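Spelled out from the first residue to the last, the chains are:
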Amino acid sequence: MKIATFNVNGINGRLPILLRWLEEAKPDAVCLQELKAPDERFPTAAIEDAGYGAIWHGQKSWNGVAILARGTVPVETRRGLPGDPADQQSRYLEAAVNGILIGCLYLPNGNPAPGPKFDYKLQWFERLQAHAKGLLASGLPIVLAGDYNVMPTDLDVYKPERWVKDALFRPEVRQAFGQLVAQGWTDALRHMHPDERVYTFWDYFRNAFGRDAGLRIDHLLLSPDLAKRMVEAGVDRHVRGWDKASDHAPTWIKLG
DNA sequence: ATGGCTCCTTAAAGGAGA
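Conventions used here
- Residues numbered from 1 in each chain as written.
- Chains lettered and ligands numbered in written order.
- Predicted model: local features only at pLDDT ≥ 70, side-chain atom pairs only at ≥ 80, totals over all residues.
- Heavy atoms only, no water.
- Near = heavy atom within 4 Å.
- Polar contact = N/O pair within 3.5 Å; in protein donor to acceptor, adjacent residues only side chain to side chain.
- Nonpolar A, V, L, I, M, F, W, Y, C, P; charged D, E, K, R; others polar.
- Phe/Tyr/Trp six-rings, centres within 6.5 Å; stacked < 30°, edge-to-face > 60°.
- Helix = DSSP H or I, 4+ residues; strand = E, 2+ residues; numbered from the N terminus.
- Buried < 20%, exposed > 50% of the residue type's maximum accessible area, 1.4 Å probe, protein only.
- Core = buried A, V, L, I, M, F, W, Y, C linked by side-chain atoms within 4.5 Å.
- Contact = heavy atoms within 4.5 Å.
- Pairing = 2+ DSSP bridges.

Draft legend 1. Fine view of the protein's contact with DNA strand B. Around DNA strand B, a shell composed of 24 residues is seen, among which K60, N109, F201, F205 and R206 lie nearest. The share of sugar and phosphate among atoms of DNA strand B within 4 Å of the protein is 64%. One of the side-chain N or O atoms of Y106 is found 3.3 Å from a phosphate oxygen in DNA strand B. A distance of 3.2 Å separates a phosphate oxygen of DNA strand B from a polar atom in the side chain of D147. Across the surface near DNA strand B, the residue classes tally to eight nonpolar, eight polar and eight charged.

Draft legend 2. Quick look at the packing of aromatic side chains. Counted under the stated rule, the structure contains five aromatic pairs. Between F6 and W21 the ring centres are 5.4 Å apart and the planes differ by 65°, which places this aromatic pair in the edge-to-face class. Taken as a pair, F6 in strand β1 (residues 2-7) and W21 in helix α1 (residues 15-25) lie far apart in primary sequence, 15 residues in all. Overall, the relative accessible area of 1% leaves F6 in the buried class.

Draft legend 3. Summary view of the nonpolar core. Of all hydrophobic cores here, the largest spans 33 residues; its most connected members are I3, I102, V143, L220, L222 and I253. Examining the composition of this core, we find that four residues originate from one element, strand β7 (residues 100-106), more than from any other. Apart from residues no more than four positions distant in its own chain, L220 is found in contact with I3, T5, V143, L144, A145, T186, D187, A188, L189, T251, W252 and I253. Counting 26 residues, the second largest nonpolar core, distinct from the first, contains L81, L107, V173 and A176.

Draft legend 4. Structural context of the sheet that holds β7. One open sheet holds the six strands; their spatial order is β5-β6-β7-β8-β12-β9, and the pairing between them is mixed. Each of the sheet's edge strands pairs with one partner strand only, and the pair in question is β5 (75-79) and β9 (186-187). Alignment of β5 against strand β6 (residues 92-97), held across four bridges, turns out to be antiparallel. Opposite V75, over in β6, you have A96 as the bridge partner.

Written out as structure tokens, the structure is:
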């Protein structure tokens, strides 16, 4: 079983990219972020024609997450991250697919930091930690996949010193990610590639992809039993080189 | 340090992304 996460940066603007990649990679389950579309503008027919069932939580202009499953429809278990009823942003969706519980998340960017957006990011992280702890305690096979907007270590940034004051790399954020993983999760990509520079994002500026000036910010965290089943993990970085590509590349694991 | 690019939006120029 192959499970992927892909920040599409606009599901309608990037629909040809998404469909081309689905056809090529044939993932069994996919978490999408940054739909940038309200619920009624989700491209249901095109996704179905590609062979995927889907659930989604859209939002006008920004955010928005979805879970796709090949040949079946994800069974929704949660919509929205618990802990703040006033939070209106579409950033968390959870479903069961083929016996695995999949949490799809789009963690806030947090810039500029410090400031209210950074505070929201840290609060969101605390809510995620609380929810993840409960999930882990359930003993179910779980993957928490998405755009975490965090580079966990220096190895995950092309030029760490340039990013130390950025909301994606500040100590508080790296610490929050570390605390989350320490609950008992496995950072799939780093576990399979302990010493390698593996990036999932390259910005649109200054030929970042051509220079390989990348960041690793899209992560799949696995519960202990799923970590034991993992046989492969990777990034489809060639997708970033396609015409009209997202600034993120699809990131995936294979379970045996 | 800044700006570079690309998406979205009552469609002009601004917000947001990272």
